[in-house]
Amino acid sequence: MENKLKVKALIRKSVLGVNPYLPGKPIEETKRQLGLKEVIKLASNENPWGPSPKAISAIKRSLSGINRYPDAQGFYLKKRLAKFFGLIPGNFVLGNGSDELIDIVIKTFMEADENIVTSEGTFLEYEIIAQVNDRKVKKAPLCYFKYDLGAMLKLVDKKTKLVFIANPNNPTGTYVSKNEVAQFINALPEGVVVVFDEAYDTFIDVDDYPDSLSYLKNKKKIIILRTFSKAYGLAGLRLGYAIAAPQLVTYLERIRQPFNVNLLAQVAGLAALEDKVFLSKTRRLTLEGKDFMYQELSRMGLRYVPSVTNFILIDVGRNSQEIFKACLKFGVIIREMRQYGLTNFIRVTIGTQKENKKFLSVLSKIIKESN
Ligand SMILES: *Cc1c(COP(=O)(O)O)cnc(C)c1O
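Residues numbered from 1 in each chain as written. Predicted model: local features only at pLDDT ≥ 70, side-chain atom pairs only at ≥ 80, totals over all residues. Heavy atoms only, no water.

Caption draft 1: Region of interest: the overall build of the protein. Secondary structure assignment for the protein yields 14 helices and 13 strands. In terms of C-alpha radius of gyration, the protein reaches 21 Å, essentially the compact-globule figure of 21 Å for 371 residues. Dimensions of the protein, computed from the C-alpha atoms along their principal axes, are close to 65 × 60 × 50 Å. For the protein, buried positions account for 53% of its 371 residues. Within the protein, residue pairs in contact and separated by at least 24 positions form 75% of the contacts whose partners lie at least 6 positions apart. Carbon and sulfur atoms form 54% of the exposed surface of the protein, whose accessible area is close to 18400 Å². In the protein, 56 positive and 38 negative side-chain charges are present, and the distance between their average locations comes to 3 Å. (Helix = DSSP H or I, 4+ residues; strand = E, 2+ residues; numbered from the N terminus. Rg over C-alpha atoms; globule rule 2.2 N^0.38 Å. Buried < 20%, exposed > 50% of the residue type's maximum accessible area, 1.4 Å probe, protein only. Contact = heavy atoms within 4.5 Å. Areas by Shrake-Rupley, 256 points an atom, 1.4 Å probe, with all protein chains shown as cover. Lys, Arg positive; Asp, Glu negative; His and termini not counted. Charge placed at Lys NZ, Arg CZ, Asp CG, Glu CD.)

Caption draft 2: A look at the site of the ligand. Neighbouring the ligand are the residues Gly97, Ser98, Asp99, Phe123, Asn170, Asp197, Ala199, Tyr200, Thr227, Ser229, Lys230 and Arg238. In this structure, an oxygen atom belonging to the ligand sits 2.7 Å away from a side-chain N or O atom of Asn170. Protein chains shield 94% of the accessible area of the ligand, which is 390 Å² for the free molecule. For the shell around the ligand, the residue count by class is 3 nonpolar, 5 polar and 4 charged. (Near = heavy atom within 4 Å. Polar contact = N/O pair within 3.5 Å; in protein donor to acceptor, adjacent residues only side chain to side chain. Nonpolar A, V, L, I, M, F, W, Y, C, P; charged D, E, K, R; others polar.)

Caption draft 3: View of the environment of Phe164. With respect to the secondary-structure elements, Phe164 resides in strand 5 (residues 160-166). What makes Phe164 buried here is its relative accessible area of 0%. For the pair formed by Phe164 and Pro189, sequence separation is 25 residues and the distance between their alpha carbons is 15 Å. Each residue touching Phe164, except ones within four places of it in the same chain, is listed here: Ile102, Val105, Ile106, Ile116, Val117, Thr118, Tyr126, Tyr147, Met152 and Val195.

Caption draft 4: Geometry of the sheet that holds strand 3 (residues 115-119). Overall, mixed pairing links the 7 strands, which are arranged 2-8-7-6-5-3-4 in an open sheet. Strands at the two margins of the open sheet, each flanked by one partner only, are strand 2 (92-95) and strand 4 (136-140). Ignoring which end each strand starts from, the neighbouring axes of this sheet average 20° apart. In the packing of helix 6 (residues 125-132) onto the sheet, the strands contacted are strand 3, strand 4, strand 5 and strand 6 (193-197), and the crossing angle to strand 4 comes to about 155°. (Pairing = 2+ DSSP bridges. Axes fitted to C-alpha atoms, helices over the stretch in contact; angles between N-to-C directions.)

Caption draft 5: Representation of the sheet that holds strand 10 (residues 311-315). Sheet architecture is open: 4 strands sit in the order 9-10-13-12, paired in antiparallel fashion. Only two strands of the sheet have a single neighbouring strand rather than two, namely strand 9 (303-305) and strand 12 (335-336). Looking at chain direction, strand 9 and strand 10 are connected through 3 bridges and run antiparallel. Among the inter-strand pairings, Val305 is bridged to a residue of strand 10, identified as Leu313. Sitting on the sheet, helix 12 (residues 276-299) is in contact with strand 9, strand 10 and strand 13 (345-349), with an inclination near 10° to strand 10.

Caption draft 6: How the structure looks around the pairing of strand 5. Burial of strand 5 is extensive: 7 of the 7 residues sit out of reach of the surface. Examined bridge by bridge, strand 3 and strand 5 share 3 bridges and lie parallel to one another. Across the sheet, the residue bridging to Ile116 is Leu162, located in strand 5. Taken together, the 5 bridges between strand 5 and strand 6 define a ladder with parallel strand orientation. Across the sheet, residue Ile165 finds its bridge partner in strand 6, namely Phe196. At this point the chain moves from strand 5, through helix 8 (residues 178-187), to the parallel strand 6, and the crossover so formed is right-handed. (Right-handed = clockwise from strand over helix to strand, strands pointing away.)

Caption draft 7: Just the pairing of strand 10, in detail. The buried fraction of strand 10 is high, at 5 of 5 residues. Neither face of strand 10 is left uncovered, since the one carrying Phe311, Leu313 and Asp315 and the one carrying Ile312 and Ile314 both have all their residues buried. In this structure, the hairpin formed by strand 9 and strand 10 is closed by a connection of 5 residues. Both strand 10 and strand 13 contribute to a ladder of 5 bridges, which runs antiparallel. What sits directly across from Ile314, in strand 13, is Ile346.

Caption draft 8: Quick look at the domain arrangement of the protein. According to the domain assignment, the protein consists of domain 1 (2-50 + 277-370) and domain 2 (53-275). Look at where the C-alpha atoms of domain 1 and domain 2 centre, and you get two points 23 Å apart. Taken together, the 33 residues of domain 1 in the interface contact 32 residues of domain 2. Approximately 2800 Å² of surface area, both sides summed, lies buried where domain 1 meets domain 2, with 65% of it carried by carbon and sulfur atoms. When the buried surface of domain 1 facing domain 2 is broken down by residue, Leu279, Val308 and Tyr340 rank first, second and third, together holding 23% of it. The tally of links from domain 1 across to domain 2 stands at 0 salt bridges. (Domains from an automatic or database assignment. Buried area = accessible area lost by both parts, 1.4 Å probe. Salt bridge = Lys/Arg side-chain N within 4 Å of Asp/Glu carboxyl O.)

Caption draft 9: Main features of the side chain of Lys230. With respect to the helices, strands and loops of the structure, Lys230 is situated in the loop between strand 7 (222-227) and strand 8 (240-243). Here Lys230 sits buried without a salt bridge, and the closest side chain of opposite charge, Asp99, lies 7.1 Å off (N-O distance). If near-sequence neighbours (up to four positions away) are discounted, Lys230 is found in contact with Ser44, Asn45, Asn47, Ala199, Tyr200 and Phe203.

This is the structure we're talking about:
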């Protein structure tokens, strides 16, 4: 290989510095690589009970129309969302997953010398997308696996434009309470926009979870991100949305590409919103599965962080990469947490009861053998 293509000098400096996102390993690839017939994935917090049957029917009905571009305005979906929240269509921006909305938000608001404040041990996309856009991120340490809003407030300076709060947080499964958020918002300087990333809001079963919509109604400068990728079971279609004041939405829409949300995602999202039966089944089975996991983990003597989401952060007391690899050999895909600075932890999604049992028996075997 003498004529190796040299490209580094061509690449933008901030791109050279990016630590790429490591997604959960896909099922098919794992089967192929390890020659396994059965593989379960508890690595990406997807819905293990599939997409909603109503979404599947809606997609089938729309298939013959995919020679056409999707509706660039997402008219019906925004109208349905508006009804769902008691808002207007002008409060919504649709995204190719909420990941895309993070990018749109950063591009809309941030000047070159401004910074983002968020937490350590949180969703990595905030920092990765900021890096790609050449924007600076300041991170406060977690406090007992929770966002420390007080510490974050201290990081806010004259150049802070955005604050990202994953609530609940991924990968810890913890949340910041109504009071904590109220104090934080009140103390924040005028020129800062707060983004609440609420990818797991449907799984919440506590009373003091903040009502972020109330801040919107009270004319605070906030943006709420929601997704169809988790409880709604549409991760593969890529659909998320931002809720914000219409004045902000106008500018966010300038950055959004016209056909970012595909036609099937739009009809499936609409149908999934209507499918209350599927959503409440997902919620109930997730909470039951989580209780079962808690019990069994405690029986095995493992510590975990109590979670208000559909996943659990588990302290395996040793290098989690080893545990990840060992689980993989048995056809169980989980997430090791080194990239998040949580070396001795794994993150495991609540699956079907069969999947939960399989994971627990594999983990128990691995831990016994390594003791
Ligand atoms: C899964 C997740 C998202 C959602 O991503 P999509 O791009 O909508 O699939 C956003 N934020 C957090 C914290 C998540 O865990």
